Amino acid sequence: MTAASDSTAEERDAQGPHASPEGRIFEMIAKGIVLSHILDGLCRLVEERTPGVLASILLLDGDRLRHGGAPSLPKAYVDALDGTAIGPTAGSWGTAVYRAQEVIVADVATDPLWADYRELAMPHGLRACWLTPIFASDGAVLATFAMYFREPRCPSPRDQQIVAQITLLASVAIQRKLDEGKLRESEDQRKRAEEALHRAQAELAHVTRLTTLGQLAASIAHEVNQPLAAIVADANASLNWLAAAEPELERVRETLAAIATDGHRAADVIQRIRQLATKTEPRKARLDVDEVVRDVVALVRAEVARYEITLALDSAPSLPSVVGDRVQLQQVVLNLVMNAIEAMVPVTDRPRKLVIRSERHDDGGIRVAVHDTGVGIRASELDRVFGAFFTTKPGGMGMGLSISRSIIEAHDGRLWAVPNAPHGAIFQFSLPGA
Ligand SMILES: Nc1ncnc2c1ncn2[C@@H]1O[C@H](COP(=O)(O)OP(=O)(O)OP(=O)(O)O)[C@@H](O)[C@H]1O
Ligand SMILES: [Mg+2]
(Lines give C-alpha, C1' and ligand atoms only; values in the text may rest on other atoms or scores of the structure.)
(Ligands and ions follow the chains in the order given, each with its own letter.)
Protein backbone atom coordinates (compact mmCIF):
# COMPACT_ATOMS: atom_id res chain seq x y z
CA MET A 1 0.00 0.00 0.00
CA THR A 2 1.33 3.44 -0.82
CA ALA A 3 1.86 6.10 1.79
CA ALA A 4 -0.81 8.24 0.13
CA SER A 5 -3.62 5.71 0.31
CA ASP A 6 -2.59 4.81 3.84
CA SER A 7 -2.99 8.36 4.88
CA THR A 8 -6.38 8.81 3.30
CA ALA A 9 -7.73 6.01 5.43
CA GLU A 10 -6.10 7.55 8.49
CA GLU A 11 -7.50 10.92 7.59
CA ARG A 12 -11.01 9.56 7.48
CA ASP A 13 -10.49 8.02 10.91
CA ALA A 14 -9.27 11.33 12.26
CA GLN A 15 -12.47 13.13 11.26
CA GLY A 16 -14.64 12.70 14.30
CA PRO A 17 -18.36 13.34 13.78
CA HIS A 18 -18.46 16.37 16.10
CA ALA A 19 -15.37 18.29 15.12
CA SER A 20 -15.69 21.48 13.06
CA PRO A 21 -13.92 21.34 9.71
CA GLU A 22 -11.12 23.58 11.06
CA GLY A 23 -10.90 21.47 14.17
CA ARG A 24 -10.65 18.33 12.11
CA ILE A 25 -7.95 19.81 9.93
CA PHE A 26 -6.02 21.00 12.94
CA GLU A 27 -6.42 17.58 14.40
CA MET A 28 -5.12 16.00 11.23
CA ILE A 29 -2.21 18.39 11.11
CA ALA A 30 -1.56 17.97 14.82
CA LYS A 31 -1.50 14.21 14.39
CA GLY A 32 0.86 14.73 11.48
CA ILE A 33 -1.09 12.77 8.91
CA VAL A 34 0.28 12.97 5.37
CA LEU A 35 1.60 16.41 6.10
CA SER A 36 4.18 14.79 8.37
CA HIS A 37 5.69 13.09 5.35
CA ILE A 38 6.02 16.44 3.68
CA LEU A 39 7.35 18.17 6.76
CA ASP A 40 9.86 15.38 7.45
CA GLY A 41 10.89 15.69 3.80
CA LEU A 42 11.42 19.43 4.20
CA CYS A 43 13.55 18.88 7.31
CA ARG A 44 15.65 16.24 5.54
CA LEU A 45 16.15 18.61 2.65
CA VAL A 46 17.62 21.18 5.00
CA GLU A 47 19.77 18.57 6.71
CA GLU A 48 21.25 17.50 3.37
CA ARG A 49 22.08 21.10 2.54
CA THR A 50 23.60 22.13 5.85
CA PRO A 51 25.96 19.67 7.49
CA GLY A 52 25.42 19.32 11.23
CA VAL A 53 21.92 20.74 11.35
CA LEU A 54 18.94 19.03 12.96
CA ALA A 55 15.73 20.48 11.59
CA SER A 56 12.24 20.45 13.01
CA ILE A 57 8.81 21.90 12.35
CA LEU A 58 6.28 22.44 15.12
CA LEU A 59 2.68 23.20 14.21
CA LEU A 60 0.63 25.76 16.07
CA ASP A 61 -2.62 24.39 17.46
CA GLY A 62 -4.48 27.01 19.50
CA ASP A 63 -1.92 28.20 22.08
CA ARG A 64 0.17 25.03 21.96
CA LEU A 65 2.81 23.65 19.67
CA ARG A 66 2.47 20.16 18.23
CA HIS A 67 4.97 17.89 16.56
CA GLY A 68 5.09 18.45 12.79
CA GLY A 69 8.29 17.01 11.41
CA ALA A 70 11.68 16.23 13.00
CA PRO A 71 13.31 13.22 11.35
CA SER A 72 16.66 13.50 13.14
CA LEU A 73 16.09 15.05 16.57
CA PRO A 74 16.17 12.60 19.52
CA LYS A 75 12.70 11.17 20.06
CA ALA A 76 12.68 11.96 23.78
CA TYR A 77 13.28 15.62 23.00
CA VAL A 78 10.61 15.71 20.27
CA ASP A 79 8.07 14.08 22.62
CA ALA A 80 8.90 16.51 25.41
CA LEU A 81 8.22 19.50 23.16
CA ASP A 82 4.93 18.18 21.80
CA GLY A 83 2.20 20.22 23.47
CA THR A 84 4.41 23.08 24.73
CA ALA A 85 2.50 26.29 25.42
CA ILE A 86 3.66 29.39 23.59
CA GLY A 87 4.80 32.39 25.59
CA PRO A 88 7.36 35.19 25.86
CA THR A 89 10.14 32.98 27.26
CA ALA A 90 9.18 29.47 26.21
CA GLY A 91 12.48 28.44 24.61
CA SER A 92 13.14 29.86 21.15
CA TRP A 93 10.15 28.18 19.53
CA GLY A 94 7.37 29.42 21.80
CA THR A 95 8.91 32.87 21.74
CA ALA A 96 9.13 32.92 17.95
CA VAL A 97 5.41 32.22 17.74
CA TYR A 98 4.57 34.61 20.54
CA ARG A 99 6.53 37.47 18.96
CA ALA A 100 5.77 36.30 15.39
CA GLN A 101 9.38 36.88 14.47
CA GLU A 102 12.62 35.03 14.04
CA VAL A 103 14.48 34.09 17.25
CA ILE A 104 18.16 33.24 16.92
CA VAL A 105 19.70 31.63 19.98
CA ALA A 106 23.37 31.15 19.15
CA ASP A 107 24.08 29.40 22.46
CA VAL A 108 21.39 27.61 24.41
CA ALA A 109 23.80 27.31 27.39
CA THR A 110 23.77 31.05 28.08
CA ASP A 111 20.67 32.55 26.49
CA PRO A 112 18.04 33.68 29.06
CA LEU A 113 15.22 32.56 26.72
CA TRP A 114 16.27 28.99 27.34
CA ALA A 115 16.40 29.18 31.14
CA ASP A 116 13.49 26.76 31.56
CA TYR A 117 14.46 24.44 28.73
CA ARG A 118 18.22 24.20 29.04
CA GLU A 119 17.93 21.03 31.09
CA LEU A 120 15.90 19.50 28.32
CA ALA A 121 18.10 20.46 25.39
CA MET A 122 21.65 20.26 26.75
CA PRO A 123 21.64 16.53 27.59
CA HIS A 124 20.87 15.89 23.91
CA GLY A 125 23.83 18.04 22.97
CA LEU A 126 21.70 20.77 21.39
CA ARG A 127 23.57 24.07 21.64
CA ALA A 128 22.25 26.50 19.04
CA CYS A 129 18.64 26.92 17.99
CA TRP A 130 17.28 29.26 15.32
CA LEU A 131 13.55 29.58 15.08
CA THR A 132 11.52 31.12 12.28
CA PRO A 133 7.74 31.41 12.32
CA ILE A 134 5.92 29.97 9.31
CA PHE A 135 3.22 32.39 8.22
CA ALA A 136 -0.03 31.83 6.35
CA SER A 137 -0.53 34.19 3.43
CA ASP A 138 -2.86 36.28 5.61
CA GLY A 139 -0.01 36.82 8.08
CA ALA A 140 -1.16 34.41 10.80
CA VAL A 141 1.50 32.14 12.32
CA LEU A 142 0.95 28.50 11.23
CA ALA A 143 4.01 26.80 12.62
CA THR A 144 7.68 27.26 13.47
CA PHE A 145 10.72 25.99 11.70
CA ALA A 146 13.78 25.19 13.82
CA MET A 147 17.41 24.56 12.98
CA TYR A 148 19.45 23.06 15.85
CA PHE A 149 23.21 22.62 15.99
CA ARG A 150 25.46 20.75 18.38
CA GLU A 151 27.78 23.73 18.73
CA PRO A 152 27.09 27.47 19.28
CA ARG A 153 26.47 29.10 15.92
CA CYS A 154 24.93 32.09 14.10
CA PRO A 155 23.20 31.90 10.69
CA SER A 156 25.12 32.74 7.51
CA PRO A 157 23.40 34.43 4.53
CA ARG A 158 23.15 30.99 2.90
CA ASP A 159 21.45 29.60 6.00
CA GLN A 160 19.01 32.50 5.86
CA GLN A 161 18.21 31.75 2.25
CA ILE A 162 17.50 28.11 3.06
CA VAL A 163 15.26 29.19 5.93
CA ALA A 164 13.34 31.55 3.63
CA GLN A 165 12.73 28.79 1.11
CA ILE A 166 11.80 26.09 3.55
CA THR A 167 9.41 28.22 5.57
CA LEU A 168 7.61 29.19 2.36
CA LEU A 169 7.35 25.59 1.24
CA ALA A 170 6.09 24.51 4.63
CA SER A 171 3.58 27.34 4.55
CA VAL A 172 2.27 26.14 1.20
CA ALA A 173 2.08 22.53 2.42
CA ILE A 174 0.28 23.41 5.63
CA GLN A 175 -2.08 25.82 3.93
CA ARG A 176 -2.92 23.30 1.27
CA LYS A 177 -3.84 20.94 4.06
CA LEU A 178 -6.01 23.58 5.66
CA ASP A 179 -7.58 24.42 2.32
CA GLU A 180 -8.51 20.81 1.70
CA GLY A 181 -10.77 21.09 4.71
CA LYS A 182 -12.21 24.35 3.54
CA LEU A 183 -13.06 22.77 0.19
CA ARG A 184 -15.94 21.08 1.93
CA GLU A 185 -17.27 24.43 3.06
CA SER A 186 -19.00 27.14 1.12
CA GLU A 187 -17.95 28.23 -2.34
CA ASP A 188 -16.91 31.58 -0.90
CA GLN A 189 -14.54 30.07 1.61
CA ARG A 190 -13.20 27.72 -1.02
CA LYS A 191 -12.43 30.70 -3.24
CA ARG A 192 -10.63 32.48 -0.44
CA ALA A 193 -8.64 29.36 0.35
CA GLU A 194 -7.67 29.09 -3.30
CA GLU A 195 -6.59 32.71 -3.40
CA ALA A 196 -4.46 32.17 -0.31
CA LEU A 197 -2.81 29.21 -1.97
CA HIS A 198 -2.17 31.19 -5.13
CA ARG A 199 -0.58 33.97 -3.09
CA ALA A 200 1.67 31.48 -1.32
CA GLN A 201 2.61 29.94 -4.66
CA ALA A 202 3.38 33.36 -6.13
CA GLU A 203 5.56 34.07 -3.12
CA LEU A 204 7.38 30.79 -3.55
CA ALA A 205 7.83 31.46 -7.25
CA HIS A 206 9.37 34.81 -6.36
CA VAL A 207 11.87 33.27 -3.93
CA THR A 208 12.95 30.64 -6.45
CA ARG A 209 13.28 33.33 -9.13
CA LEU A 210 15.69 35.16 -6.87
CA THR A 211 17.65 31.94 -6.35
CA THR A 212 17.90 31.37 -10.11
CA LEU A 213 19.00 34.96 -10.64
CA GLY A 214 21.65 34.41 -7.97
CA GLN A 215 22.95 31.40 -9.91
CA LEU A 216 23.02 33.52 -13.03
CA ALA A 217 24.79 36.47 -11.41
CA ALA A 218 28.10 35.93 -13.18
CA SER A 219 26.40 35.44 -16.51
CA ILE A 220 24.28 38.55 -16.05
CA ALA A 221 27.29 40.63 -15.01
CA HIS A 222 28.96 39.52 -18.23
CA GLU A 223 25.88 40.55 -20.26
CA VAL A 224 26.08 44.04 -18.78
CA ASN A 225 29.86 44.35 -18.81
CA GLN A 226 30.22 43.49 -22.46
CA PRO A 227 28.29 46.48 -23.84
CA LEU A 228 29.88 48.72 -21.20
CA ALA A 229 33.37 47.67 -22.30
CA ALA A 230 32.38 48.29 -25.93
CA ILE A 231 31.07 51.74 -25.01
CA VAL A 232 34.36 52.69 -23.33
CA ALA A 233 36.42 51.42 -26.28
CA ASP A 234 34.19 53.24 -28.80
CA ALA A 235 34.29 56.46 -26.80
CA ASN A 236 38.11 56.37 -26.69
CA ALA A 237 38.29 55.72 -30.43
CA SER A 238 35.94 58.65 -31.08
CA LEU A 239 38.08 60.96 -28.96
CA ASN A 240 41.11 59.99 -31.04
CA TRP A 241 39.30 60.62 -34.31
CA LEU A 242 38.17 64.02 -33.08
CA ALA A 243 41.72 64.90 -32.01
CA ALA A 244 43.14 64.22 -35.49
CA ALA A 245 44.22 67.19 -37.62
CA GLU A 246 41.28 66.41 -39.86
CA PRO A 247 38.61 64.94 -37.52
CA GLU A 248 36.94 61.87 -38.98
CA LEU A 249 33.42 63.01 -38.27
CA GLU A 250 31.67 60.27 -40.24
CA ARG A 251 33.38 57.53 -38.20
CA VAL A 252 32.61 59.40 -34.98
CA ARG A 253 28.95 59.59 -35.99
CA GLU A 254 28.84 55.82 -36.65
CA THR A 255 30.56 55.06 -33.39
CA LEU A 256 28.19 57.25 -31.40
CA ALA A 257 25.29 55.28 -32.89
CA ALA A 258 27.00 52.05 -31.78
CA ILE A 259 27.46 53.52 -28.31
CA ALA A 260 23.75 54.31 -28.09
CA THR A 261 22.89 50.75 -29.19
CA ASP A 262 25.20 49.23 -26.57
CA GLY A 263 23.78 51.53 -23.91
CA HIS A 264 20.28 50.28 -24.72
CA ARG A 265 21.53 46.71 -24.63
CA ALA A 266 22.91 47.07 -21.11
CA ALA A 267 19.77 48.90 -19.97
CA ASP A 268 17.61 46.11 -21.46
CA VAL A 269 19.38 43.41 -19.46
CA ILE A 270 18.99 45.43 -16.27
CA GLN A 271 15.33 46.03 -17.02
CA ARG A 272 14.75 42.28 -17.48
CA ILE A 273 16.46 41.44 -14.22
CA ARG A 274 14.39 44.05 -12.43
CA GLN A 275 11.23 42.51 -13.82
CA LEU A 276 12.21 39.08 -12.56
CA ALA A 277 13.49 40.26 -9.19
CA THR A 278 10.67 42.63 -8.30
CA LYS A 279 7.87 41.21 -6.28
CA THR A 280 4.71 41.86 -8.23
CA GLU A 281 1.20 40.52 -8.15
CA PRO A 282 0.60 38.19 -11.08
CA ARG A 283 -0.84 40.29 -13.89
CA LYS A 284 -2.22 38.75 -17.03
CA ALA A 285 -1.96 40.57 -20.32
CA ARG A 286 -1.91 39.72 -24.01
CA LEU A 287 1.63 38.83 -25.00
CA ASP A 288 3.83 37.28 -27.61
CA VAL A 289 5.64 34.10 -26.43
CA ASP A 290 8.58 34.79 -28.70
CA GLU A 291 9.26 37.95 -26.73
CA VAL A 292 9.22 35.95 -23.51
CA VAL A 293 11.73 33.55 -25.06
CA ARG A 294 13.94 36.43 -26.20
CA ASP A 295 13.83 37.97 -22.70
CA VAL A 296 15.19 34.75 -21.25
CA VAL A 297 17.76 34.19 -23.96
CA ALA A 298 19.22 37.62 -23.22
CA LEU A 299 19.90 36.49 -19.64
CA VAL A 300 21.51 33.14 -20.42
CA ARG A 301 23.61 34.05 -23.44
CA ALA A 302 26.86 34.10 -21.49
CA GLU A 303 26.00 30.82 -19.80
CA VAL A 304 25.36 29.26 -23.23
CA ALA A 305 28.69 30.56 -24.54
CA ARG A 306 30.58 29.41 -21.44
CA TYR A 307 29.56 25.78 -21.98
CA GLU A 308 30.04 25.95 -25.76
CA ILE A 309 26.39 25.31 -26.47
CA THR A 310 24.91 26.26 -29.81
CA LEU A 311 21.58 27.96 -29.42
CA ALA A 312 18.93 28.13 -32.14
CA LEU A 313 15.59 29.91 -31.96
CA ASP A 314 13.08 28.45 -34.31
CA SER A 315 9.87 30.40 -34.35
CA ALA A 316 6.90 29.75 -36.64
CA PRO A 317 5.69 32.90 -38.41
CA SER A 318 2.67 34.89 -37.17
CA LEU A 319 1.96 32.95 -34.00
CA PRO A 320 -1.18 33.89 -32.10
CA SER A 321 -0.67 35.85 -28.88
CA VAL A 322 -1.51 34.35 -25.51
CA VAL A 323 -2.87 35.80 -22.29
CA GLY A 324 -0.47 35.45 -19.41
CA ASP A 325 1.77 36.89 -16.74
CA ARG A 326 4.99 37.84 -18.46
CA VAL A 327 7.28 37.38 -15.47
CA GLN A 328 5.82 33.99 -14.58
CA LEU A 329 6.15 32.74 -18.15
CA GLN A 330 9.73 34.05 -18.26
CA GLN A 331 10.37 32.04 -15.13
CA VAL A 332 9.05 28.87 -16.80
CA VAL A 333 11.22 29.34 -19.89
CA LEU A 334 14.20 30.23 -17.70
CA ASN A 335 13.76 27.04 -15.64
CA LEU A 336 13.51 24.88 -18.75
CA VAL A 337 16.52 26.50 -20.37
CA MET A 338 18.63 26.27 -17.18
CA ASN A 339 17.71 22.58 -16.85
CA ALA A 340 18.63 21.99 -20.50
CA ILE A 341 22.00 23.69 -20.00
CA GLU A 342 22.64 21.75 -16.80
CA ALA A 343 21.76 18.48 -18.58
CA MET A 344 24.31 19.20 -21.31
CA VAL A 345 27.25 20.24 -19.15
CA PRO A 346 28.35 16.61 -18.49
CA VAL A 347 28.13 15.74 -22.20
CA THR A 348 31.52 15.75 -23.89
CA ASP A 349 31.21 13.29 -26.79
CA ARG A 350 28.66 15.12 -28.94
CA PRO A 351 27.62 18.68 -29.77
CA ARG A 352 25.64 20.52 -27.11
CA LYS A 353 22.62 21.89 -28.93
CA LEU A 354 19.82 23.93 -27.44
CA VAL A 355 16.81 24.61 -29.66
CA ILE A 356 13.85 26.67 -28.55
CA ARG A 357 10.98 26.13 -30.93
CA SER A 358 7.67 27.94 -30.87
CA GLU A 359 4.78 26.84 -33.06
CA ARG A 360 1.02 26.59 -33.35
CA HIS A 361 -0.68 24.00 -31.21
CA ASP A 362 -4.22 22.55 -31.22
CA ASP A 363 -6.93 25.03 -32.08
CA GLY A 364 -5.57 28.52 -31.90
CA GLY A 365 -2.96 27.89 -29.19
CA ILE A 366 0.82 27.82 -29.15
CA ARG A 367 3.52 25.42 -28.01
CA VAL A 368 7.04 26.22 -26.89
CA ALA A 369 9.52 23.34 -26.84
CA VAL A 370 13.03 23.38 -25.37
CA HIS A 371 15.17 20.67 -27.00
CA ASP A 372 18.54 19.64 -25.63
CA THR A 373 21.16 17.01 -26.37
CA GLY A 374 21.90 16.40 -22.69
CA VAL A 375 21.93 13.32 -20.49
CA GLY A 376 18.22 12.67 -21.11
CA ILE A 377 15.58 11.22 -18.83
CA ARG A 378 14.57 7.61 -18.32
CA ALA A 379 11.05 6.84 -19.60
CA SER A 380 9.98 5.91 -16.07
CA GLU A 381 10.98 9.35 -14.80
CA LEU A 382 9.41 11.54 -17.48
CA ASP A 383 6.59 12.43 -15.13
CA ARG A 384 8.37 12.06 -11.79
CA VAL A 385 10.69 14.95 -12.57
CA PHE A 386 7.74 17.32 -12.10
CA GLY A 387 7.31 16.31 -8.45
CA ALA A 388 8.40 18.81 -5.81
CA PHE A 389 11.90 18.05 -4.45
CA PHE A 390 12.74 15.61 -7.22
CA THR A 391 16.32 16.44 -8.08
CA THR A 392 19.43 14.63 -9.27
CA LYS A 393 21.68 17.67 -8.79
CA PRO A 394 23.93 18.18 -5.78
CA GLY A 395 22.90 21.85 -5.47
CA GLY A 396 19.36 21.36 -6.80
CA MET A 397 16.20 22.20 -4.97
CA GLY A 398 13.94 20.10 -7.21
CA MET A 399 11.42 22.91 -7.38
CA GLY A 400 11.95 24.34 -10.87
CA LEU A 401 9.69 21.97 -12.80
CA SER A 402 7.05 21.71 -10.12
CA ILE A 403 6.66 25.48 -9.99
CA SER A 404 6.76 25.72 -13.77
CA ARG A 405 3.97 23.19 -14.08
CA SER A 406 1.78 25.00 -11.58
CA ILE A 407 2.36 28.28 -13.45
CA ILE A 408 1.44 26.74 -16.81
CA GLU A 409 -1.62 25.03 -15.37
CA ALA A 410 -2.75 28.33 -13.85
CA HIS A 411 -2.62 29.60 -17.46
CA ASP A 412 -4.87 26.72 -18.61
CA GLY A 413 -1.95 25.13 -20.40
CA ARG A 414 0.05 21.92 -20.13
CA LEU A 415 3.76 21.24 -19.48
CA TRP A 416 5.29 17.86 -20.27
CA ALA A 417 8.52 16.12 -21.28
CA VAL A 418 9.41 13.65 -24.02
CA PRO A 419 12.76 12.12 -25.00
CA ASN A 420 14.74 13.84 -27.74
CA ALA A 421 16.24 11.66 -30.48
CA PRO A 422 18.91 10.38 -30.42
CA HIS A 423 19.96 12.08 -27.16
CA GLY A 424 18.55 14.47 -24.62
CA ALA A 425 15.12 15.68 -23.65
CA ILE A 426 12.37 17.97 -24.89
CA PHE A 427 10.39 19.98 -22.35
CA GLN A 428 7.39 21.71 -23.82
CA PHE A 429 4.36 23.67 -22.80
CA SER A 430 1.20 24.60 -24.61
CA LEU A 431 -1.02 27.60 -23.95
CA PRO A 432 -4.41 28.50 -25.37
CA GLY A 433 -4.50 31.39 -27.84
CA ALA A 434 -5.75 34.80 -26.69
N1 LIG B 1 16.46 18.89 -19.70
C2 LIG B 1 16.64 17.90 -18.81
N3 LIG B 1 17.37 16.79 -19.11
C4 LIG B 1 17.56 15.81 -18.20
N5 LIG B 1 17.04 15.80 -16.96
C6 LIG B 1 16.31 16.88 -16.59
C7 LIG B 1 16.06 17.98 -17.47
N8 LIG B 1 15.28 18.87 -16.83
C9 LIG B 1 15.06 18.37 -15.60
N10 LIG B 1 15.67 17.18 -15.44
C11 LIG B 1 15.64 16.33 -14.24
O12 LIG B 1 14.56 16.73 -13.44
C13 LIG B 1 15.02 17.09 -12.14
C14 LIG B 1 14.11 18.14 -11.57
O15 LIG B 1 14.25 19.39 -12.25
P16 LIG B 1 13.87 20.72 -11.49
O17 LIG B 1 14.14 21.86 -12.40
O18 LIG B 1 12.50 20.57 -10.94
O19 LIG B 1 14.87 20.75 -10.26
P20 LIG B 1 16.45 20.96 -10.27
O21 LIG B 1 16.87 21.52 -11.58
O22 LIG B 1 17.08 19.68 -9.83
O23 LIG B 1 16.63 22.04 -9.12
P24 LIG B 1 16.08 23.57 -9.16
O25 LIG B 1 14.97 23.62 -8.15
O26 LIG B 1 17.28 24.33 -8.74
O27 LIG B 1 15.60 23.87 -10.54
C28 LIG B 1 16.46 17.49 -12.33
O29 LIG B 1 17.22 17.36 -11.16
C30 LIG B 1 16.90 16.51 -13.41
O31 LIG B 1 17.20 15.25 -12.86
MG1 LIG C 1 15.89 23.21 -12.45
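Residues numbered from 1 in each chain as written. Chains lettered and ligands numbered in written order. Predicted model: local features only at pLDDT ≥ 70, side-chain atom pairs only at ≥ 80, totals over all residues.

**Let's talk about the overall build of the chain**
Okay, step 1: Across its full length, the chain carries 13 helices and 12 strands.
Okay, step 2: In the chain, which comprises 434 residues, the share counted as buried stands at 36%.
Okay, step 3: Partitioning the contacts of the chain with sequence separation of at least 6, the portion at a separation of at least 24 is 65%. (Helix = DSSP H or I, 4+ residues; strand = E, 2+ residues; numbered from the N terminus. Buried ≥ 20, exposed ≤ 12 C-beta atoms within 10 Å, placed from the backbone. Contact = placed C-beta atoms within 7 Å.)

**Considerations on the site of ligand 1**
Okay, step 1: Around ligand 1 there are 23 residues in total, and Asn 339, Ala 343, Thr 391, Gly 396 and Gly 400 lie nearest to it.
Okay, step 2: Of all elements in the fold, only α12 (326-344), α13 (400-410) and β12 (425-431) reach the threshold of two or more residues within the shell around ligand 1.
Okay, step 3: The dominant element in the shell around ligand 1, judged by the number of residues it contributes, is α12, at 4 residues.
Okay, step 4: Within the shell around ligand 1, the residues separate by chemical class into 11 nonpolar, 10 polar and 2 charged. (Near = placed C-beta within 6 Å. Nonpolar A, V, L, I, M, F, W, Y, C, P; charged D, E, K, R; others polar.)

**Considerations on the environment of His 411**
Okay, step 1: Relative to the helices and strands, His 411 resides in the loop between α13 and β11 (414-419).
Okay, step 2: When the C-alpha positions of His 411 and Lys 284 are compared, they lie 9.2 Å apart, and in sequence the two are 127 residues distant.
Okay, step 3: Other than its neighbours up to four places away in sequence, His 411 contacts Gly 324 and Leu 431.

**So, unusual backbone geometry**
Okay, step 1: In this model, Ala 421 is joined to Pro 422 through a cis peptide bond whose omega is -5°.
Okay, step 2: By the element assignment, Pro 422 lies in the loop between β11 and β12.
Okay, step 3: Even without being glycine, Ser 318 reaches a positive phi, approximately 40°.
Okay, step 4: The backbone of Asp 362 sits at a positive phi, close to 45°, despite the residue not being glycine.
Okay, step 5: On the secondary structure map, Asp 362 appears in the loop between β9 (352-361) and β10 (365-371).
Okay, step 6: A count of 12 C-beta atoms within 10 Å places Asp 362 in the exposed class.

**Thoughts on the pairing of strand β5 (residues 141-149)**
Okay, step 1: Most of β5 sits out of view: 8 of its 9 residues are buried.
Okay, step 2: The pairing of strand β1 (residues 54-61) with β5 spans 6 bridges and is classified as antiparallel. By the bridge assignment for β5, Ser 56 is matched with Ala 146.
Okay, step 3: In this structure, the hairpin formed by strand β4 (residues 128-135) and β5 is closed by a connection of 5 residues, where Gly 139 is found at a positive phi of approximately 95°. (Pairing = 2+ DSSP bridges.)

**Things to note about the sheet that holds β1**
Okay, step 1: Spatially, the 5 strands line up as an open sheet ordered β2-β1-β5-β4-β3, and their pairing is antiparallel. Every interior strand has two partners, whereas the edge strands, β2 (64-69) and β3 (103-105), have only one. Taken over all neighbouring pairs, the strand axes of this sheet differ in orientation by 25° on average, direction set aside. (Axes fitted to C-alpha atoms, helices over the stretch in contact; angles between N-to-C directions.)

**A short note on helix α11 (residues 289-306)**
Okay, step 1: Helix length check: α11, at 18 residues, gives a terminal C-alpha distance of 26 Å against a target of 26 Å (1.5 Å per residue), a fit within 8%.
Okay, step 2: In α11, a bend of some 55° at Val 300 exceeds every other bend along the element.
Okay, step 3: Along α11, the positions that sit buried rather than exposed are Val 289, Val 292, Val 293, Asp 295, Val 296, Leu 299, Val 300 and Glu 303.
Okay, step 4: With its phi angle positive at about 50°, Glu 308 sits one or two positions after the end of α11. (Expected span 1.5 Å × (residues − 1). Bend = angle between axes of the 7 residues up to and from the residue.)

**Some remarks on the packing of helix α9 (residues 217-243) against helix α10 (residues 249-277)**
Axes are the key here: two packed helices are described by the angle between their axes and the distance separating the axes.
Okay, step 1: Two elements in contact, α9 and α10, have axes separated by 9 Å at closest approach and are oriented at 160°. One finds that α9 runs roughly antiparallel with respect to α10. The two elements α9 and α10 cross, and the hand of that crossing is left-handed.
Okay, step 2: For the contact of α9 with α10, the per-class residue count stands at 18 nonpolar, 3 polar and 5 charged. (Parallel < 35°, antiparallel > 145°, perpendicular 65-115°, else oblique. Left-handed = near helix turned anticlockwise from the far one by under 90°.)

**Points about the sheet that holds strand β7 (residues 309-315)**
Okay, step 1: Reading across the sheet, the 5 strands line up as β7-β9-β10-β12-β11 and stay open at both edges, with mixed pairing between neighbours. With partners counted over all chains shown, the strands left at the sheet margins are β7 and β11, one partner each. For this sheet, the mean angle separating the axes of adjacent strands, direction not counted, is 15°.
Okay, step 2: With 7 bridges joining them, β9 and β10 adopt antiparallel strand pairing. Each bridged residue has a counterpart across the sheet, and for Ile 356 the counterpart in β10 is Val 370.

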